[in-house]
Amino acid sequence: QVQLVESGGGLVQAGDSLTLSCAASGDTFGASGWFRQAPGKEREFVAAILWSVGIADYLDSVKGRFTISRDNAKNTVYLQMNSLKPEDTGVYYCAANRAPWLSRAANRFDSWGQGTQVTVSS
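Residues numbered from 1 in each chain as written. Predicted model: local features only at pLDDT ≥ 70, side-chain atom pairs only at ≥ 80, totals over all residues. Heavy atoms only, no water.

Caption draft 1: Just the state of the cysteines, in detail. Scanning the entire structure with this criterion turns up 1 disulfide. A sulfur-sulfur distance of 2.0 Å marks the disulfide that ties Cys22 to Cys94. Between Cys22 and Cys94, the S-S torsion sits near -80 degrees, and that sign places the bridge as left-handed. Placement of Cys22 in strand E3 (residues 18-25) and of Cys94 in strand E9 (residues 90-97) is noted, with a sequence separation of 72 residues between them. (Disulfide = S-S within 2.5 Å. Helix = DSSP H or I, 4+ residues; strand = E, 2+ residues; numbered from the N terminus.)

The following block contains the structure:
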């Protein structure tokens, strides 16, 4: 049974940092990603990474502020978020894809976590 468990969300002020974690179990994945959904908006891609070589892709608005990484030994993906802005507020979801493709499309990911809330106050 595939399980993705996120942690690390919270309430912070603008300019602060947070690190999200996603522990994966139950399958072998080729790629993982983070998506977010703000109230009243559609879910959007944030970042993705290939497990084998660590190549990553980012939403333009988070480039230079967010870093996605993975720990193969722990089967865990991280999203380090620096210089947070109020517009980064939302529920952040971890996703995983069995295929080793980098994709920004949510429907390319096989498994999803339950989400963790990130709130950035101004």
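Anyway, onward from the coordinates.
Caption draft 2: Molecular detail of the pattern of salt bridges. For the structure shown, the criterion picks out 7 salt bridges. Between Glu44 and Arg36 there is a salt bridge, and its shortest N-O distance comes to 2.6 Å. The partner of Arg104 in a salt bridge is Asp57, and the shortest N-O contact between them spans 2.7 Å. Of this pair, Arg104 sits in the loop between E9 and strand E10 (111-112) while Asp57 sits in strand E6 (residues 56-58), placing them 47 residues apart in sequence. Ionic contacts of the salt-bridge type, sharing partners, join the residues Arg36, Glu44, Arg65 and Asp88 into one network. (Salt bridge = Lys/Arg side-chain N within 4 Å of Asp/Glu carboxyl O.)

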